[in-house]
Amino acid sequence: MLLEVKDLKIRFNSRHSKVQAVKGISFSLDRGKTLAIVGESGSGKSVTSMSLSRLLPPPPKCEVEGAAYLDGVDLFGLSERELRKVRGKRIAYVFQEPSTSLNPYFTVGAQIEEALKFHRDDVSDLKAETVELLKKVGIRDAEKRYGDYPHQMSGGMKQRVVIAMALACQPDILVADEPTTALDVTIEAQIMELLQELREREGMAIILITHNFGIVDGFADEVAVMYRGNIVEHGETEKVLSAPQHEYTKALIRCIPLLGMKRERLPVVDYAAIAEEEEAAS
Ligand SMILES: Nc1ncnc2c1ncn2[C@@H]1O[C@H](COP(=O)(O)OP(=O)(O)OP(=O)(O)O)[C@@H](O)[C@H]1O
């Protein structure tokens, strides 16, 4: 087992309120596999993944309980120094908006080199490696593009650069947090294809975070559906898609846009029915 998360709870405390963002969830991930965490905005997907590398504010602002084992080592028990070896090197992140991950004042080549240098003693010939990485993520004319600034690239290309930076340290787990939400549908398909290809070639595991069940089909081995801080359904993707059990999962699946199908109006999530089901289950 590569990653095992047990009874994870995350709470945000402010002077005025306490928000229990994650309420005791457990899941695991094997090497080379893909887990999709699906749920609507605010359900706790992002904070779950960020807690793994302690990217959340420190206590008392944010309190994290439970355990997360990476190859048997509890991530929450690591010192700041040990944690630096995990961040980027073992768990890397790709976020929704590529521009926020890239510095506008440096060329994309320099930024990938920086990512390569971060965990490396031998820093010779980084340019050749960087160009290789650009090729790996499907950027044509990689030698020429190496010298581009982010603003000279399209959104899809920038996201490819961010993926190249994430790959620089050959992570065991790539967390892709809404990696295509800011992109056009055709570019979305290309980025998903790239991630799939890289997973097969590089053998890394992926945690895909999304609100969109449409991109999960054919991509993730397993899916965990999050609703208000809990995992309400978890299983093999095909099974969940073909026979969803929870009302909330059914509602999310009804929201998948079907190609060529005209909808009069978007389906509405029936929260009252979900609340009834939750009550009956408790
Ligand atoms: N830094 C923070 N301070 C206070 N509350 C936070 C913070 N980050 C997240 N939260 C709260 O935690 C809850 C879960 O947020 P999270 O970002 O994980 O949701 P999500 O499912 O990933 O949604 P989204 O797709 O909108 O990011 C939300 O109620 C959010 O307001």
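Residues numbered from 1 in each chain as written. Predicted model: local features only at pLDDT ≥ 70, side-chain atom pairs only at ≥ 80, totals over all residues. Heavy atoms only, no water.

An unreviewed UniProt entry annotates the chain as ABC transporter ATP-binding protein of Pelagicoccus mobilis. Taken verbatim from the UniProt record of the chain, the Subcellular location (unreviewed entry) comment is "Cell inner membrane". (UniProt positions renumbered as here; feature names shortened; annotations may be inferred.)

### A few points about the nonpolar core
Among the nonpolar cores identified, the biggest contains 54 residues, and Ile163, Leu195, Leu208 and Phe213 are the most heavily contacted of them. Here the element with the most residues in this core is helix H7 (residues 155–167); it accounts for 7 residues. Not counting residues within four places of it along the chain, the set of residues in contact with leucine 208 comprises Leu35, Ala36, Ile37, Ala176, Pro179, Met192, Ile215, Val216 and Phe219. (Core = buried A, V, L, I, M, F, W, Y, C linked by side-chain atoms within 4.5 Å. Buried < 20%, exposed > 50% of the residue type's maximum accessible area, 1.4 Å probe, protein only. Helix = DSSP H or I, 4+ residues; strand = E, 2+ residues; numbered from the N terminus. Contact = heavy atoms within 4.5 Å.)

### Topic: unusual backbone geometry
Each neighbour pair has its own omega, and for proline 59 with proline 60 the value is 10°, a cis peptide bond. With respect to the helices, strands and loops of the structure, proline 60 is situated in the loop between helix H1 (45–52) and strand E4 (62–70). A positive phi is found at aspartate 141, a non-glycine position, where the angle reads about 50°. The residue aspartate 141 is located in the loop between helix H5 (126–136) and helix H6 (142–145) in this model.

### What to know about the packing of aromatic side chains
Each pair of aromatic rings is reported with the distance of its centres and the angle of its planes. Across all of its chains, the model carries 3 aromatic pairs by this definition. Ring centres of tyrosine 93 and phenylalanine 95 lie 5.7 Å apart, and the angle between their planes is 10°; on these two criteria the pair is classed as stacked. Note on phenylalanine 95: relative accessible area 28%, which makes it partly exposed. Between tyrosine 227 and tyrosine 271, the aromatic rings sit 6.5 Å apart at their centres with planes inclined by 15°, giving stacked as the arrangement. Of this pair, tyrosine 227 sits in strand E9 (residues 222–227) while tyrosine 271 sits in helix H11 (residues 271–281); the two residues are 44 residues apart in sequence, bridging distant segments of the chain. Joined through ring pairs, the aromatic side chains of Tyr227, Tyr248 and Tyr271 make up one cluster. (Phe/Tyr/Trp six-rings, centres within 6.5 Å; stacked < 30°, edge-to-face > 60°.)

### Side note on the site of the ligand
Lining the immediate environment of the ligand, one finds Phe12, Ala21, Glu40, Ser41, Gly42, Ser43, Gly44, Lys45, Ser46, Val47 and Lys61. Between the ligand and serine 43 there is a distance of 3.0 Å, counted from an oxygen atom to a backbone nitrogen or oxygen. In the model, an oxygen atom of the ligand is placed 2.9 Å from a nitrogen or oxygen of the lysine 45 side chain. For the shell around the ligand, the element with the highest residue contribution is H1, accounting for 3 residues. Here the residues of the shell around the ligand sort into 3 nonpolar, 5 polar and 3 charged. (Near = heavy atom within 4 Å. Polar contact = N/O pair within 3.5 Å; in protein donor to acceptor, adjacent residues only side chain to side chain. Nonpolar A, V, L, I, M, F, W, Y, C, P; charged D, E, K, R; others polar.)

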